[in-house]
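# Descriptive structure summary
Spelled out, the chains give:
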Amino acid sequence: PQTIRLEDYRPSDHLIDRVDLDLRLSPHDTRVTATLAIRPNPAGEAGAPLVLDGDELILLGLECDGQALPADAFAATPSGLTLHRPPRRPFTLRIETQIDPTANTKLMGLYRSNGVYCTQCEADGFRRITYFLDRPDVLSVYTTRIEAGRDEAPVLLGNGNPGACGVIADTDRHYAVWHDPHPKPAYLFALVGGRLDRVATRFTTMEGRDVAVAVYVEPGKGPRADYALDAVVRSMGWDETACGRPYDLDVFNVVAVSDFNMGAMENKGLNIFNDKYVLADPETATDTDYANIEAVIAHEYFHNWSGNRVTCRDWFQLCLKEGLTVFRDQEFSSDMRSRAVHRIGEVRTLRARQFSEDAGPLAHPVRPRAYAEINNFYTATVYEKGAEIVRMIRTLLGPAAFRAGMDRYFAENDGRAATVEDFLAAFAAESGRDLSAFAGWYERPGTPRVTAAGIYDADARRYTLSLRQSLPSGDGAPLVIPVALGLVGASGPIEAACPRVPDGVFVLEATSDTLTFEGVAEPPVPSLFRGFSAPVRVEMNLGDAERLTLLRHDTDPFNRWQAAQSVAMRLILDRAGARLVEADEAGPAAEAYAAALGAFLDAEALADPAFAALVLALPSEGEAANEIGRDVDPDAVHRARQTLRRHLGRSLRGRLESLREALAQAAGAPFSPDAASAGRRALINTALDLIAMADPEAGTRAAEAQLSAASNMTDRLAALAILAQIPGKARETALAAFGERYADEPLVLDKWFALQATIPEAGTLDRIARLRSHPAFAMTNPNRVRALIGSFGLGNPTQFARADGAGFALLAETVEALDRVNPQIAAKLLTTFGSWRMLEPARSSKAGEILSRMQARPSLSRDVADILARTLA
Ligand code: HT7
Ligand code: ZN
């Protein structure tokens, strides 16, 4: 496939100022008439042909300034329309195309989800609706007329503000016109038509604009949209008060559909969502679902400024909108919930998804320099590491200069398609800082490593800390790394002087540097990268006792949690490395760790249950594998982690049982999804999980009791997850009952599929084979595929990477079958092979064989071929 390179960027030779669309919706034969006001771009090449993008289009008609074009004036194929000699002045092109939304299983362009017409145009789906300059630096004002059967699609929605609407005389059809005054790239175009229920409210902006806010969902699901609607209103308020960004249309609509490739889409004034990120009630949604809904609703809404008002010049700049908007939604969620707890969650996600991506064959810079298929670059690196870069800018500049830089960025680039350079220039101008060395974060793939070493001179009361940075790619200038740090002693934080650490932040700009702290009265433990101030791996030779000092006394909650994680990680790695068997004793280091956790729980668990639940949770098997880095035996990692869990459960059992009792009383009724209540449930369920590890019989009884008494999905699913880990009749009975109870609840069935796919037992492969034939399983529904097969690849390391290769084979078969239906989701599934080279030789050679066999198959999609080529490179 053709490679597109950043260095080849050229402005478009033509611009399209206005787009008038007329769409006559019909299940198999939708007619689209696009009237485009085109003019030569002064910044492009004069007299160049007009080359419009298309994808699987049928051209029915073409006129230029009202005249049919002679056959030799143009060339049309399903994938493009070229006018060889377009007028060298403004002109109007009228194009009629025919499309089949029902046959569109790729879910890009116009398609039908459960009978609802909807669109997905980012990154390049608009060209599946009409021929167009489908690139983000061509901005146009759109007017859209949508026509459909009144019965089939009583609700017709478009971008912008509503205009005329009415019935079409003597027919069963009606129409609605929408006008969006804000120029936008084609990827932000959207329409929806269908039978939908509406929940609505109003919001008055800081500028006094009265906005009608609505959420549309499938009939009967209205009550499940209340939480999302409330999240929209809170997002609108937050963007005003925290960032000074008001909304700019008279309506803001959100629509939830069941078949959707990603989480949601920020189309101007008409956000389209995966059901999963809208629908919630206590019976069907977990606390995590509620938190995700809040975050994704906010994310898409915040794009209205970071992405829509200021868009991207080209797709290499994707992080400009995605990294920034993730940062903005993280800040929002931190303000709505516990900042410390949220930060820990962000970092767990980053490490699980982005660090592993950065360590494998799919590693790429936050701003890639080349791509074959842009849909494969909606990655954790662009999103999550992109957000960390924005966070580092704030840490370096401080909140005031950061806010001024953001304001300047929005003001200078409003209505423009911008670049990363425009973004950095705004902060440089406001702060007076040269950010050119910092820009390396956008260009260099791989997770930097910072190695620290300290020497304490008791006589001089001096502590010397040296820091050294290195990147996997080795060569190149050092990065600019903000290191938030402090010192902690046996009895609490240590105040010590170091002028190079103003406001607790040192900026590491050289490959190595040394800091000297004076007036240090006792041996300190350094608390480095507080709040995870940079996306790096930190290496320091600290003993468990020193780390547990941080757990006890650090003022930074993130590093308190990190300290417990580091001790647990070392215990897991030591066991996995020695390939100890399960029966082996946990050992004195594990005893000390459990004792420290016990003391921590006694002192703090009831005051902050959410934080306590995180401190109790061990690093995942995936994280441990990443830490090992080579020759990984997933079975050894699994056994090591299980042994530590069992040991914790046994050591802390009494405390965990008392905590469950105390918290259950505090939890009370009715259910509320707020962060404090969710935190109590998190600790109750973490405690039960450890108790069940220590005593599976007692755990089974308690989980069964919780399952039948639970008033909400969080507690019910947690109990089921615990039962699912314990082989036997109780598990099978519980799984069957749950499946029956929620047979008509697709989002709950997804949880049920996912839970079974992640059982770490040999029988899981057969179980998945059975579930693939379950009537509710469908390749056409991305959520279902992600639930069953994606969860298997990502969340079941011992079975996915089975020594006999059967797990890899199952994944590969699914990718091949899915590639014919939805290549984008197939390619995403294939990324689960990203860590294959890290496995021990027998397993990695099995994976390599299966991947090579797939590569030899004819007619792979560009999406899958691209991931395969990079995974095998
Ligand atoms: N900006 C949106 C990206 C997106 C997308 C990309 C490719 C294919 C399908 C898609 N659906 C949504 C989502 C976001 O990050 O806000
Ligand atoms: Zn986004």
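Residues numbered from 1 in each chain as written. Chains lettered and ligands numbered in written order. Predicted model: local features only at pLDDT ≥ 70, side-chain atom pairs only at ≥ 80, totals over all residues.

Glancing now at the overall build of the chain. Within the chain, the regular secondary structure consists of 26 helices and 33 strands. For a compact globule of 873 residues, the expected C-alpha radius of gyration is about 29 Å, and the chain comes in at 28 Å, within 12% of that figure. A total of 873 residues make up the chain; the buried ones form 51% of that total. Contacts in the chain between residues far apart in sequence, at least 24 positions, make up 70% of those at least 6 positions apart. (Helix = DSSP H or I, 4+ residues; strand = E, 2+ residues; numbered from the N terminus. Rg over C-alpha atoms; globule rule 2.2 N^0.38 Å. Buried ≥ 20, exposed ≤ 12 C-beta atoms within 10 Å, placed from the backbone. Contact = placed C-beta atoms within 7 Å.)

To continue, consider the nonpolar core. Within the largest apolar cluster, 256 residues are counted, with the highest numbers of intra-cluster contacts made by Val192, Ala228, Val255, Ile272, Val278, Ile293 and Val483. Setting aside residues up to four positions removed in sequence, alanine 228 forms contacts with Val215, Val254, Val278, Ile293 and Ile297. (Core = buried A, V, L, I, M, F, W, Y, C linked by C-beta atoms within 7 Å.)

This next bit is on the site of ligand 1. Looking at ligand 1, there are 15 residues lining it, with Glu122, Asn261, Met262, Met265 and Tyr378 nearest. Counting only elements with at least two residues in the shell around ligand 1, the list comes to strand 20 (264–265) and helix 2 (287–302). (Near = placed C-beta within 6 Å.)

This part takes up the sheet that holds strand 18 (residues 210–217). If you walk across this open sheet you meet the five strands as 17-18-19-21-20, and the pairing is mixed. Bordering the open sheet on either side are strand 17 (197–204) and strand 20, each of which pairs with just one other strand. Two elements, strand 17 and strand 18, share eight bridges in a ladder whose sense is antiparallel. Pairing of valine 199 across the sheet is with valine 215, part of strand 18. Along the sheet, helix 1 (residues 226–243) makes contact with strand 17, strand 18 and strand 19 (251–257), crossing strand 17 at roughly 20°. (Pairing = 2+ DSSP bridges. Axes fitted to C-alpha atoms, helices over the stretch in contact; angles between N-to-C directions.)

Attention now moves to the UniProt feature "domain: Peptidase M1 membrane alanine aminopeptidase" (unreviewed entry) in the chain. With numbering matched to this structure, UniProt assigns "domain: Peptidase M1 membrane alanine aminopeptidase" (unreviewed entry) to residues 227–439. Taken end to end, residues 227–439 is 55% helix and 9% strand, and its two terminal C-alpha atoms sit 39 Å from one another. (UniProt positions renumbered as here; feature names shortened; annotations may be inferred.)

Quite often, the size of an interface is put as the accessible area lost when its parts meet. Under the domain assignment, the chain is made up of domain 1 (4–195), domain 2 (311–438), domain 3 (449–534), domain 4 (539–694) and domain 5 (742–873). Look at where the C-alpha atoms of domain 3 and domain 4 centre, and you get two points 27 Å apart. Taken together, the contacts link 15 residues of domain 3 with twelve residues of domain 4. For the side of domain 3 that touches domain 4, the secondary-structure elements that each account for two or more residues are strand 25 (449–457), strand 28 (486–489), strand 29 (492–494) and strand 32 (525–527). Here the side of domain 3 that touches domain 4 gets four residues from one element, more than from any other, and that element is strand 25. (Domains from an automatic or database assignment.)

Attention shifts here to the packing of helix 23 (residues 806–819) against helix 25 (residues 841–855). Packing of helix 23 against helix 25 leaves a shortest axis separation of 10 Å and a crossing angle of 20°. With respect to helix 25, the axis of helix 23 lies roughly parallel. Helix 25 is crossed by helix 23, and the crossing has right-handed handedness. Taking contact as the criterion, the partners of Phe808, Ala809, Ala812 and Glu816 in helix 23 are, on helix 25, Lys846, Ala847, Ile850 and Met854. Among the residues making up the contact of helix 23 with helix 25, the classes are represented as six nonpolar, no polar and two charged. (Parallel < 35°, antiparallel > 145°, perpendicular 65-115°, else oblique. Left-handed = near helix turned anticlockwise from the far one by under 90°. Nonpolar A, V, L, I, M, F, W, Y, C, P; charged D, E, K, R; others polar.)

Our next topic: the sheet that holds strand 6 (residues 67–68). Strand order in the open sheet made by the eight strands is 6-5-9-3-2-12-15-14, with mixed pairing throughout. A single partner strand is all that each edge strand has here, and the edge strands are strand 6 and strand 14 (161–167).

Quick look at the pairing of strand 21 (residues 270–274) now. Extensive coverage of strand 21 is indicated by the burial of five of its five residues. Pairing geometry for strand 19 and strand 21, over five bridges, is parallel. Following the sheet pairing, valine 254 is matched in strand 21 by asparagine 271. Hairpin connection, strand 20 to strand 21: the antiparallel pair is bridged by four residues, and glycine 269 has positive phi, about 70°.

Along its 18 residues, helix 1 runs 25 Å from first to last C-alpha, staying within 8% of the 26 Å computed at 1.5 Å per residue. Among the residues of helix 1, those classed as buried are Tyr227, Ala228, Leu229, Ala231, Val232, Ser235, Met236, Trp238 and Asp239. Residues of helix 1 that are buried sit in contact with strand 17, strand 18, strand 19, helix 2 and helix 3 (318–336). Looking at the residues trailing helix 1, positive phi occurs at glycine 244, about 70°. (Expected span 1.5 Å × (residues − 1).)

Two successive antiparallel strands, strand 17 and strand 18, enclose a turn made up of five residues, where glycine 208 displays a positive phi of approximately 90°. Two strands pair when backbone bridges link them, and strand 18 and strand 19 are joined in this way by five bridges, in the parallel orientation. Bridged to tyrosine 216 within strand 19 is valine 255. After leaving strand 18, the chain enters helix 1 and then returns to the sheet as strand 19, a path that is left-handed. (Right-handed = clockwise from strand over helix to strand, strands pointing away.)

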